Amino acid sequence: VQLQASGGGLVQAGGSLRLSCVVSGSIFSINVMGWYRQAPGKQRELVAVITSATTSYADSVKGRFTVYRDNTKNTVYLQMNSLKPEDTAVYYCNADIRSVAGTRIKNYWGQGTLVTVSS
């Protein structure tokens, strides 16, 4: 199983970016999918998660970021609007995946994509 994140880049404050994360490999089912970020010198933190029915966001991004998924493409997205310099970080996707029916769920990370917001 691999998670491939993309969509990062340099954007001015107030701008928008959309991150994508495609899951590939042996997939029976994907449960929780989410996005985390790690700014320089800081710990990795949760940004947003999505299940089959619910979404949850960090307080710092509520109202600005939207997480959604396309189960037909095994892809999770993060639409980021009204970006701020403090959103600058490496963004990582994460997913709980059952590769084969009857086996246990495992947690996987993508490789990270850098988002830089200039003031």
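These numbers were taken from a predicted model, which means no experiment stands behind them.

(A) Here's a closer look at the packing of aromatic side chains. Taken as a whole, this structure holds three aromatic pairs when the rule is applied. When the centroid spacing of 4.9 Å and the interplanar angle of 20 degrees are considered together, the rings of tyrosine 68 and tyrosine 77 count as stacked. For the ring pair tyrosine 92 and tryptophan 109, a centre distance of 6.5 Å and an interplane angle of 85 degrees mean the geometry is edge-to-face. Remark: tryptophan 109 occurs in strand β10 (residues 106-109) and tyrosine 92 occurs in strand β9 (residues 89-98); sequence separation between them is 17 residues. Take tyrosine 92: its relative accessible area is 15%, and that puts it in the buried class. Members of the aromatic cluster, connected to one another through ring pairs, are Tyr36, Tyr92 and Trp109. Here arginine 44 stacks its cationic end above the ring of tyrosine 92, 3.7 Å away from the centre of that ring.

Cut-offs applied
- Residues numbered from 1 in each chain as written.
- Predicted model: local features only at pLDDT ≥ 70, side-chain atom pairs only at ≥ 80, totals over all residues.
- Heavy atoms only, no water.
- Phe/Tyr/Trp six-rings, centres within 6.5 Å; stacked < 30°, edge-to-face > 60°.
- Helix = DSSP H or I, 4+ residues; strand = E, 2+ residues; numbered from the N terminus.
- Buried < 20%, exposed > 50% of the residue type's maximum accessible area, 1.4 Å probe, protein only.
- Lys NZ or Arg CZ within 6 Å of the ring centre and 35° of its normal.

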